[in-house]
Amino acid sequence: MNKEIKIPELSLVVLVGISGSGKSTFAKRLFKETEVLSSDRCRAIVSDDENNQAASNDAFELLHYIASKRLKNGLVTVIDATNVQTEARKPLIQLARDHHCLPVAIVLDVPEKICQSRNDQRPDRDFGKHVIRQQRSQLKRTIRNLKREGFRHIYILNSPEEIDAIQVIKRDKLYNNKKEISGPFDIIGDVHGCFDELGELLVNLGYEIEQCKYDHKGFGYQVTNKNDRKAVFLGDLVDRGPNSPEVLKLVMSMVNSGVAYCVPGNHDMKLQKYLNGKNVQIKHGLEKTIEQLQGESDEFLNLAKEFLYKLVSHYVFDNGKLVVAHAGLKEEMQGRGSGAVRSFCMYGETTGEIDEFGLPVRYNWASEYRGRAMVVYGHTPVPEAQWLNRTIDIDTGCVFGGKLTALRYPEEELVEVKAKKIYTEPVKPLDSENDSLLSHQQELDDLLDIDDVVGKRIISTKLRNNITLREENSIAALEVMSRFAMNPKWLIYLPPTMSPSETSDLSEYLEHPNEALKYFKSQGIDKVVCEEKHMGSRAIIVVCKDENTVIERFGIENEGIGACYTRTGRNFFNNAALEKEFLDRVQLALKKSGFWEKFNTSWVCLDTELMPWSAKAQTLLKDQYASVGASAAVALKDAITQLAKTHNRQIEGVDELIESYQAKNDMIAGYSTAYRNYCWPVEKVDDFKLAPFHVLATEGEVHTDKHHEWHMKTIKSVCKSDSQLMMETPYRLVDLNDESQINGVIDWWTELTQKGGEGMVVKPFDYISYGKKGLIQPAIKCRGKEYLRIIYGPEYSSSENMKVLKNRSLGRKRSLALREFALGVESLERFVNQEPLRKVHECVFGVLALESEAVDPRL
Amino acid sequence: MLLNISTTHTPATDLSFLLHKHPDKLQSVDLSSGKAHIFYPEANQERCAACLLLDINPIELVKNSRNNNNDFALAHYVNDRPYVASSFMSVAISKAFSTALNGKCSKRPELVDQVMPFQVTISVLPAPKGGEFLIRKLFEPLGYDVNLERYQLDSTFPEWGESKYYTLQLSGKFKLKDLLSHLYVLIPSLDNNKHYWISQSEVEKLLQKGEGWLGNHPEKEQITKRYLKGIGGLTRNALDRLLDGDGDENSPEAEESNPEVDEVKETLHQQRLRQTFQELKISGAKSVVDLGCGEGKLLKMLLKEKQFERILGMDVSYRTLEKAVERLHYDEMPPKQKERINLIQGALTYRDKRLDGFDAAAIIEVIEHLDLNRLKAFERVIFQFSKPKVVVLTTPNKEYNQLFETMALDSFRHADHRFEWTRKEFRDWAENAANANGYQVEIKSVGEEDKNVGAPSQMAIFKLNNHE
């Protein structure tokens, strides 16, 4: 008796058997509890009664729903229901097909008598004998149809003994599952009989090819690779080209000796059918192959036939990180097996239309690809291999006079060999679709999809794992982003919010450097940098070396050489001419300072403060700040005058009032002085002052791995080239173990803020720093006493108000700052790694979304 | 912040009886966010002056304030409320001088109806959107001599210009109770910014304090509208009652921008919607998506027509959508009607599958809110991907702007407009977009046409080629 049943690792197992045949017991014994979906249980869930036949429709709807979720997630699912009727099994077969997994039937065929007696022992199963009899006859009638119904594996257990004998359900790996093999690989596009080019490419890739004796394993070639790399052929080895038989021999040798993998292409399959004697149309280059095969032995032809027959539709390598298939593969089909999967691997997806060249119109599945795995494919000849959503088509039409391309994995490096000649004239010119300056990815990125930003979202970042965006925050961000922000292609970064220092315990201060320094010390940081905080507007500047870079790297046409935007992604400038002049000046300064050469880059993203505040905040200053100052000054003066007159009449209590209004008057004066410090008229570029403080990213590099002194020094050298527009930021390095340095920086801050400065920002020496509990605040601001009047209101400093205001909590602000910081760095990294725009955009969008969380705006 | 009322009535100290406040004492009353002090800088036979001085604690103010919708996050903390005459002053008047305001004087009842010469100084009074012109229009018809001093925003930056603040001096002969009523209503009306939530009871207060004078005031509409902070429903209600039930159907509804432009815009907008509705109807469309549906004016019209079986409203502003839900009484809709309509948040610069499969799209006064360089994305979303069979789209005709007298040269009709097009610019864009995407386009005008500059608004009707 059989002790085991084999099922594919991803399958839908349908138990078939009449009531009382022991399905539930069987399932419980051999499968995980969560793998088993029982119709009785579903009946109970929807009706509180597991025998309620009236609830069957609802129960099965639920059962199918759960099954489809499980299969979607790639989990074995067992259906514990009688399933004795063809109609009951049909939707299950369909379900398996929909999810490209294999249906398995396990029939428990137990004599009616035994089932009846088992049911008799269960008081809740009081349905009559006729029910069991009917089920049994339905089962008997349809059992032989199982194969025709679509079950790929069928097990029939004919007695309780046979059922009990089964000790284990063995799960077989699918042929396409090569997850444990992680390369390195050299993935090679459509060869189409171009034997010479293939030889040259393999040599260039570091393979050694030796001719050897023809035998069943070698087929005349022995290929080795010193670095233990494996070649992966994407199919379409044959047809159209000059020497398909030799290509076959070479590839068969390599596959047989384990130095290569191969997936089948549509041409290979057609040849296989031909060799098998099937009736196929001999065209599209097959005629050439047949001719070339004329001299080959029957033995070789048989082996070739067998080789082609055994090719597996696609492979999933490297823990699911790499998928190879001839025509590509959608995420939901990866690692699955069905006719539909095989067909997709071979032909891709077509719309059913025919284009002007008589070729089927292909549906560009890759433009909607959102999968985690990289997909490398061929099939459709393209002039250049290009990334699109982590997929790449490397069929560069060698046989049509293009080139033969290989992709090195994991290096993601392309290696190409030019075709020696045009072997076949293409029906459609290779570059017929290439009338744009933008890459496929950039063209696709021209339009973001709303599905990539709305709803509750989870973004995984390197710095802080998963960051959750709540739906209501996405809603708010969508409005800000679409109404006010710039072209999203420029928005590769948004700065995080910054928390102030803990509230000071000194009575006259709300914030003081003590607490900022103490925070970092408590996190185990020994060295910090204290930078003067400029009071202007935060501005992110992206500048390219030339217009060409704007097109190539950013995919933007006709929008100038860069962008300068605010912390919410809005264009900083309303005046296009001024904007251009400004960006030109920054570009020139970078050029003069040798920045492009030094960093081997043609673009840069800078984090800056752009002054004066009044340049961007003119309306705010007039409507709010100056208005308060103007009204208060007049009103307070008049009040004091009237109080003074009353005082002359010697009315009791007026003196205190005069004192109190005089104090208000002084605070208002301080307030007006404070905001005036940050205002000056701006008419031309020279009236601006730009203070960069982070060199965020350049080509290939995100500079968050450098310490802040590096950033300051790098910026200094650029500022020197245009000291009219640009200014360095004064800063001090402080050793937190050195009391005199701490006192020094406090004195510096006091002096700075007394002179009208906003305050300073304290940062750990390293851009990204970790403390005892993980990532720590990348910066803490410490604002001056006078400056805070324009944040907390002119009268905040009265002792009565101060008492109230000191009761503030920073927890939320700090948590936000960390999450936004992680998202910001993530967006830069994704951009630098050339990920699709939506991946960058989701982080930038995330920062905006988080910014809509309710936090005290004064912090 | 400071109200000074003085009289030269003989004996002037009668004022203290009327105010029911002792002239030789400093007195204070509590307000919700602070205090008001009452004192007399002068009190003799010839001249008596009483001051009402507000002492608002700005921090308290924040605690008591509701979430206002100011774009400026710090507006709560940095604002002029403690220093100006506003609705706080009205509250202080009613608290400190309640008997006088209500025309009572137990000790000297004969004084109540006595007309006296008064001089009133208010420092400072904000009068946004109207200024000196408005102040005069409000006070002069009541018989006041008006004297105004206006202040610079900031003497350090003279280029910032004048502020909205004035010291207002009024003089005239009045009964004190009337004078106080005038101030009670007109101060907040000028300030145009209530510190508390406006509800129906506010209409009652207004009518009560305005009894006997507001109904005949030539500026009653504006006073009412501003006093009730432009809340449309309340304003109509109050005006109806002022006009003795003689309801005015065309009273302007509250809109955020310039009132002068508004009135024209209002009727123009109705015209635009009617015309759009007609086009949609003629097109035979059964399903319609209204992109940028706002508060749902067009949706409401569409719902009434049974030809439209499926209606989708989309807007980028969630708050606006919430208002649309309210205005359409969505939650109370019968199920059959509810089935026909749906509202979603979305943006026209993102591809959106929810917009697929509609017969028609209405895009009314929307594109001018997009930056010009984002228009390409918009075109792709609509014409390349969603591909409705008919698209009705409107935008302002820039040429017509010169006929709006109140509009500054080279400005836009709305602060959020990113561009406005001439007729040629619009036609060129529409024809290009149509050609590139397989549509035919027809241009029509909306509103009364001027022979030189055309109609105020323009409409393009796009039709997808070869569809059954």
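Residues numbered from 1 in each chain as written. Chains lettered and ligands numbered in written order. Predicted model: local features only at pLDDT ≥ 70, side-chain atom pairs only at ≥ 80, totals over all residues.

Draft legend 1. View of the overall build of chain B. Check the secondary structure of chain B and you find 15 helices and 15 strands. With 468 residues in all, chain B has 43% of them scored as buried. The long-range share in chain B, meaning contacts at least 24 apart out of those at least 6 apart in sequence, stands at 69%. (Helix = DSSP H or I, 4+ residues; strand = E, 2+ residues; numbered from the N terminus. Buried ≥ 20, exposed ≤ 12 C-beta atoms within 10 Å, placed from the backbone. Contact = placed C-beta atoms within 7 Å.)

Draft legend 2. Broad picture of the sheet that holds strand β21 (residues 403-409) of chain A. Residue and element names in this part refer to chain A. With respect to topology, 5 strands assemble into an open sheet ordered β13-β12-β9-β21-β22, the strand pairing being mixed. Looking along the sheet, the strands with just one partner apiece sit at the ends: β13 (260-262) and β22 (413-418). Averaged over all neighbouring strand pairs, the angle between strand axes comes to 20°, with direction disregarded. Where strand β9 (residues 185-188) lies against β21, 4 bridges are found, and the strand directions are antiparallel. Across the sheet, Ile-188 pairs through a bridge with Ala-406, a residue of β21. Helix α9 (residues 195-204) rests against β9, β21 and β22 of the sheet, and its axis sits at about 145° to β22. Set on the sheet, helix α10 (residues 244-256) makes contact with β12 (230-233) and β13; between it and β13 the angle comes to about 115°. (Pairing = 2+ DSSP bridges. Axes fitted to C-alpha atoms, helices over the stretch in contact; angles between N-to-C directions.)

Draft legend 3. Region of interest: the interface of chain A and chain B. The interface of chain A with chain B comprises 49 residues on the first partner and 54 residues on the second. Elements with a contribution of two residues or more to the side of chain A that touches chain B: β23 (448-449), α16 (471-484), α22 (618-648), α23 (654-676), α26 (789-792) and α27 (799-805) of chain A. No other element matches α22 of chain A, which puts 18 residues into the side of chain A that touches chain B. When the residues that make up the side of chain A that touches chain B are grouped by side-chain class, the tally is 26 nonpolar, 11 polar and 12 charged. (Nonpolar A, V, L, I, M, F, W, Y, C, P; charged D, E, K, R; others polar.)

Draft legend 4. Quick peek at the UniProt feature "domain: Polynucleotide kinase-phosphatase ligase" (unreviewed entry) in chain A. On the UniProt side, "domain: Polynucleotide kinase-phosphatase ligase" (unreviewed entry) is annotated at positions that read residues 476-853 of chain A here. Taken as a whole, residues 476-853 of chain A contains 48% helix and 16% strand, while its terminal C-alpha atoms sit 9 Å from one another. (UniProt positions renumbered as here; feature names shortened; annotations may be inferred.)

Draft legend 5. Region of interest: the domain arrangement of chain A. Per the domain assignment, the segments of chain A are domain 1 (4-172), domain 2 (177-435), domain 3 (449-485 + 810-859), domain 4 (503-527 + 730-807) and domain 5 (615-676). The distance between the C-alpha centroids of domain 3 of chain A and domain 5 of chain A comes to 42 Å. (Domains from an automatic or database assignment.)

Draft legend 6. Spatial organisation of the domain arrangement of chain B. The assigned domain composition of chain B is domain 1 (2-196) and domain 2 (259-464). Just the C-alpha atoms count here: the centres of domain 1 of chain B and domain 2 of chain B sit 47 Å apart.

Draft legend 7. Representation of the environment of Glu-140 of chain B. Within the secondary structure layout, Glu-140 of chain B lies in the loop between α5 (131-139) and β6 (145-152). Residues Glu-140 of chain B and Gly-284 of chain B, 144 residues apart in the sequence, show an inter-C-alpha distance of 58 Å.

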